[in-house]
Amino acid sequence: MEAIELVQEAKAGSREAFLSLIRMNESFLYSIAQGILSSKPDTFDAIQETILKAYKEIVKLREPAYFRTWLVRILINECRRVARHNRKVIPVEQLYEQRAPSYALESDLELMDLLDGLDMEHKEIVVLYYLEDLPIKEIAAIVELSENGVKSRLHRARLKLAVLLKDPVLKEELQ
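In this report, the structure presented in the accompanying data block is examined. None of the values given here were measured: they were computed from a predicted structure. Residue positions are given per chain, counting from 1 as you read along its sequence in written order. Totals for whole chains, interfaces and linings use all residues, but because this is a predicted model, local features are given only for residues with pLDDT of at least 70 and pairs of side-chain atoms are given and counted only at 80 or more. With hydrogens and water excluded, all non-hydrogen atoms of the structure serve as input to the side-chain values.

### A short note on the environment of Ala-33
Okay, so step 1: Its location among the elements puts Ala-33 in helix H2 (residues 15-36).
Okay, so step 2: Think of it in three bands: with a 1.4 Å probe and only protein chains considered, a residue is buried below 20% of the maximum accessible area for its type, exposed above 50%, and partly exposed in between. Taking relative accessible area as the criterion, Ala-33 reaches 0% and is therefore assigned buried.
Okay, so step 3: For Ala-33 and Ile-47, which are 14 residues apart along the polypeptide, the C-alpha to C-alpha distance reads 7.2 Å.
Okay, so step 4: When neighbours within four sequence positions are excluded, Ala-33 is seen to be in contact with Thr-43, Ile-47, Leu-75 and Cys-79. Strands here are runs of E lasting at least two residues and helices are runs of H or I lasting at least four, both read from the DSSP assignment and numbered beginning at the N terminus. By the convention used here, residues are in contact when the closest approach between their heavy atoms is within 4.5 Å.

### A few points about the packing of helix H8 (residues 136-143) against helix H9 (residues 147-166)
Okay, so step 1: Every axis in this analysis is a line fitted to C-alpha atoms, fitted for helices over the stretch in contact. Angles between the N-to-C directions lie between 0 and 180 degrees. Contact geometry of H8 with H9 gives a least axis separation of 8 Å together with a crossing angle of 100 degrees. Taken together, the axes of H8 and H9 lie roughly perpendicular to each other. Along the contact surface, H8 presents Ile-136, Lys-137, Ile-139, Ala-140 and Val-143, while H9 presents Glu-147, Val-150, Lys-151 and Leu-154.
Okay, so step 2: Side-chain classes are defined by residue name, with Ala, Val, Leu, Ile, Met, Phe, Trp, Tyr, Cys and Pro counting as nonpolar, Asp, Glu, Lys and Arg as charged, and the others, Gly among them, as polar. Considered class by class, the residues forming the contact of H8 with H9 number 6 nonpolar, no polar and 3 charged. Angle categories are assigned with fixed cut-offs, so that under 35 degrees is roughly parallel, over 145 is roughly antiparallel, 65 to 115 is roughly perpendicular, and the rest are oblique.

### Considering the nonpolar core
Okay, so step 1: We define the nonpolar core as a collection of buried residues of types Ala, Val, Leu, Ile, Met, Phe, Trp, Tyr and Cys that are connected through side-chain atoms lying within 4.5 Å of one another. The biggest cluster of nonpolar side chains holds 48 residues, and the ones touching the most others in it are Ile-36, Phe-67, Val-72, Leu-75, Leu-128 and Val-143.
Okay, so step 2: Among the elements of the structure, helix H1 (3-11), H2, helix H3 (40-57), helix H4 (67-87), helix H6 (108-115), helix H7 (120-131), H8 and H9 are those that each provide at least two residues to this core.
Okay, so step 3: In terms of residues, this core owes the most to one element, H4, which gives 10 residues.
Okay, so step 4: Setting aside chain neighbours within four positions, we find Val-143 in contact with Ile-76, Glu-124, Ile-125, Leu-128 and Val-150.

From the geometry alone we can't say anything about function, so treat these as descriptive.
In structure tokens form, the structure reads like this:
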């Protein structure tokens, strides 16, 4: 069954159709949330809340062809909410953490740490563009910006990432 048909069935109240849509998009949702948020529990919380909100609000979705964009927009808003909440809490591990400077990315963890050096609006764009290979046009629809706005944020994010790659100690100063 095609995704548009599943969306129409889900809008009509079919739980099975909604679950099929979520299964079709679960790895996509996970990789976006993991790219934006730094911990697995936060990632899972954001995804869970996204699914719950999408299930409750799917009847309001006007255009079934944009289900995926709509779902990612909900996810990004949930990631923002989790990140705002996390700014208020400092994990004990971070109080004792000392890092040696790193000039090359040798693992996914280093990439995630580097992304943590970006503010949320730039991090979202970088994750969607580089990690998820979404086109500028689709990113613009997801984050509700013009295509030029997305390109501008992507450019500023690249500049910040270049600085962070050269001197990771500056990470705190950029935030």
